[in-house]
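# Structural overview for review
This is what each chain is made of:
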Amino acid sequence: MSLIARRAADFVRIRWKTLAGLAVVLAGGTMIGVLRGPHTEDFSEKPRPAADFALPDLTGKTVRLSDFKGQVVLVDFWATWCIPCIEELPDLKALYDKHKDRGFTIVGISIDDMGKEVVGPFVKENQVPYPILLAGLDPVEGFPVRGLPTAYLIDRRGFIVKKYFGFKFPEQLDKDVAAALSQGEP
Amino acid sequence: MRRNLIIVAALTALSVLAYFTISRLAAAEAKEPEARNRRGRGKPNHLIGEKSPYLLQHAYNPVAWYPWGEAAFAKARKESKPIFLSIGYSTCHWCHVMEKESFSNPGIAAVMNKYLVSIKVDREERPDVDGIYMAAATGAGWGGGWPLSMWLTPELKPFFGGTYFPPDARFGRPGFKQILERVAEVWKTRREDVRSDAERVAKALEQYSRVEGRSGPLNPEALDKAFAGYKESFVSSKGGFGGAPKFPMPVNQNFLLRYYARSKDKKALDMVAHALKEMAKGGIYDQVGGGFHRYSTDDKWHIPHFEKMLYDNAQLAANYLDAYQATKDPEFARVARETLDYVLRDMTHPEGGFYSAEDADSLPPELAGKVEDVGHEHRSEGAFYIWPKGELLRILGKDAGEIFSYRYGVEPGGNAESDPQGEFKGKNILYLAHTIPETARKFGKSEADVGRILEEAKRKVLEIRAARPRPQRDDKVLSDWNGLMISANARAAQILDDARYLDAAQKSAAFIRTRLYGEKANRLHRRWREGERKVSGLAVDYALLTQGLIDLYEATFDVEWLNWAVQLSEAQLKLFYDPEKGGFYQTAPGHDKNLLIRSMDDSDNVIPAASSVAALNFLRLAQFTDRKDFRQAAEKTLTRFGAQMAQQPRSLPQMLVALDYALSKTKQIIIAGNLQSPDTREMVRQVQSRFIPNKILMVVDEGKNKEAFLRWLPFLKGVGRIKGKATAYVCVDYACELPTNDPRTFETILDDKQPNGR
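Computed from a predicted model, the values in this text were never measured in an experiment.

Rules used throughout
Residues numbered from 1 in each chain as written. Chains lettered and ligands numbered in written order. Predicted model: local features only at pLDDT ≥ 70, side-chain atom pairs only at ≥ 80, totals over all residues. Heavy atoms only, no water. Pairing = 2+ DSSP bridges. Helix = DSSP H or I, 4+ residues; strand = E, 2+ residues; numbered from the N terminus. Contact = heavy atoms within 4.5 Å. Axes fitted to C-alpha atoms, helices over the stretch in contact; angles between N-to-C directions. Buried < 20%, exposed > 50% of the residue type's maximum accessible area, 1.4 Å probe, protein only.

The sheet built from 5 strands is open, its strands ordered β8(A)-β20(B)-β19(B)-β17(B)-β18(B) with mixed pairing. Two strands bound the open sheet, and with one partner strand each, they are β8 (147-148) of chain A together with β18 (695-700) of chain B. Relative to strand β19 (residues 727-732) of chain B, strand β17 (residues 667-672) of chain B is paired through 6 bridges, and the arrangement is antiparallel. Note on β19(B): the bridge partner recorded for Lys667(B) is Val732(B). Contacts between helix α2 (residues 83-99) of chain A and the sheet are confined to β8 of chain A together with β17, β19 and β20 (735-737) of chain B, with β20(B) contributing the most and set at about 145° to the helix. Helix α28 (residues 743-750) of chain B rests against β17, β19 and β20 of chain B of the sheet, and its axis sits at about 165° to β17(B).

The following block contains the structure:
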């Protein structure tokens, strides 16, 4: 497939374009990967326990990470104004539908400053099927966020195995979730 | 071989017309004395009802000129006469020569009137007509340039052509008179041969108009290849690319600056900076009044042809602004300012539209009041701009006069190294011969003192000059050229933070909107003069005006300009776009049924091709509006020329700019704030002070601008100020920064450094 055809295909989903980031050469000439642009950090060799959090959902009810104990959880930081977050929403919904019956959930954490006022209508309009929590601009301890979207994949034991920055490529994410689900399957 | 004798040229070349042929045409235009304007003498011909200054220059010729139109065509058909089509523009030097030597000559006119139907076209009004016959002339090997002289069958198919012809054989060229007679003879005796030649040319034109075999994938290597080519042709000692005659070619600088932003290769910036500095030092730059002349006849920008064109000045001002952003060298800002100020001072309609051009020739000041200044009889090249040293010393006094002379290379006997027409004898073309420090040393003064003396001297010289007989101004207002000037002023407002330029850009846009645009039909016209608008807009009118409006939005943040840009873009897709293969035709269907072909510009010349400009516009607008069809139109257009960009990248430098945009990590910068408040303005300033070509910048407040944007970008609902302070939301490359209301963090983001997270 030609470059243009591939790119056109990309644009079915990724409206706000650009080619994936090229490696940046830092001083000393070492290729250390992308400074910007989507990338993944893998902690599966040295997984660390995820901190618990307690945040309100759209009804005001407090939801904790520990509520999902024993499940694989994708903690996804996003906002209504974040273009790549909107772009990947259909992928996330499909991922959720595919794996939810095997003990998988997504917990979306909105950092919208305007909170429920904009998040509520957005979730309704886009029929987001998984829990959405409201963090506002306050940091969530144990989950550093440099930009959006940022997501953490947590295994059944409650350990962080992956961190994703930027648009998440659906095939990769699906593989990661499936792998996490197959570990320690009840 | 019983081929037509007068048709000496090979016709086969047309279908393989090299991409860059047209770009060389501009150089083919010649220089020499001037034509006679017989206004008020004798009986006018059919051009008298026209508004084009160029056509009116010919309205009192004894030649029975017709404007392009049915009256002429019907006459040719009815009388079975060939058509003589002559195309030029008001500041075209050789056009004036031919007017004076041949078209004012009653004997020649009688022959023309007997055997031919003669049509005059102003190429600035009708670049579509010009483009088609220019392609025929160059493709058939008749040679291209202006004036363009073409002989056509009554069906408008060309069978012979050329450019300037002397009245009698000379300069190794056949004489115009002989050609006229020869054409009359073969038309009488061998009409079928002539017609069959014309058919062949028409067929080759048809083939050419398909713009095929150029498509290919979008490949960043085209950018590298173009850069390598520029490096090769860069003239390190004299600035610019290639030898004499030298055209500033603003699209070259556009490409190289973008390439610098992409690659961070300092060489790209250095070449631009050097070229721009050398131009600004040369006689091609009006050292006293600001603004650029059209090109130089030598290879070091010293001896210009003195006409000033709006499109050059607009695009060069933008070049200098970009260079200023990229280097922070105030010298570039100065040249940009002076150039824009020249246009505002001398080239602006009281209600804001920009005029088209100023002629090279004018009555030498020493003849003022001694002869009648009608037509070009007594006018000479550059007379308005050049100085005998004695006059400067008189004006400025001996001390300042000598300092001024040293600085600007003025010599007692004149300073022109070449003077083919003998028009510069004893006179000086001002150029920057010495720097301020050199001048200060020479005269044992401080730099500050010398600077002051020179400023004052410049002011005086400009004042005296203003009283000289002025070159004729072509005061028609063209949509595309105004679009370029709107861009330049809008960019200046962004970068120099000067409200005068913002005002000028807005006034011009409003001028075009009221006089050249029909809102209901959503159609643009091309030309306005003296209350009359004429010629349906061409693709290039839509494209360059749209570009101006996008730039104007990014200077005013008034969404109405963007709205109009979107409207024009929709019209463009409907009227000019090839939905099958991409690219934009020059004309809309049904534009003029007399055009032999529907052509598509395939090279970025002094004025870039509509497809190149449109590609970048659609990429930018796709981001502002989230319109997928806009993005697709841009990509398809780039694809249509993909192979051409890869193989002949320098034929399309402006399209490479769009390619670079399409392939790069563009930033979407949204500032939630209120332009009345200093924190918002500061954030805007932070963006505008940096050279970040591949970005869009929006300011959304809680008012009508946000409402308007919400139609296109519903996600903006969630974009607001944080803690009451102006807040920047930046997305790039599939990811967004956290919103920030901290100016330092914002700068970090703009500089592509990693801000602290949370």
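A few words on the pairing of strand β5 (residues 72-78) of chain A. Residues and elements named next belong to chain A. A large share of β5 lies buried, amounting to 7 of its 7 residues. Residues Val72, Leu74, Asp76 and Trp78 line one face of β5 and the alternating positions Val73, Val75 and Phe77 line the opposite face, and both faces are buried. Note: β5 against strand β6 (residues 104-110), 7 bridges, orientation parallel. Within β6, the residue paired with Val73 across the bridge is Thr105. In terms of strand pairing, β5 meets strand β9 (residues 150-154) through 5 bridges, oriented antiparallel. Bridge pairing links Phe77 to Thr150 in β9.

Before going further, it helps to spend a moment on the environment of His525(B). Residues and elements named next belong to chain B. As for its placement among the helices and strands, His525 is situated in strand β15 (residues 523-529). Sequence spacing of His525 and Ile108 is 417 residues, and the spatial spacing of their C-alpha atoms is 36 Å. In this structure, His525 is in contact with Ser479, Leu516, Arg533, Lys534, Val535, Ser536 and Gly537, ignoring residues within four places of it in sequence.

What follows is about the pairing of β9(A). Residues and elements named next belong to chain A. Where burial is concerned, most of β9 is hidden: 5 out of the 5 residues are buried. A two-sided burial pattern is seen for β9, the buried positions comprising Thr150, Tyr152 and Ile154 on one face and Ala151 and Leu153 on the other. Here β9 pairs with strand β10 (residues 159-165) via 5 bridges, running antiparallel. The partner of Ile154 across the bridge, within β10, is Ile160. Hairpin connection of β9 to β10: 4 residues between the antiparallel strands, including Gly158 at a positive phi of 90°.

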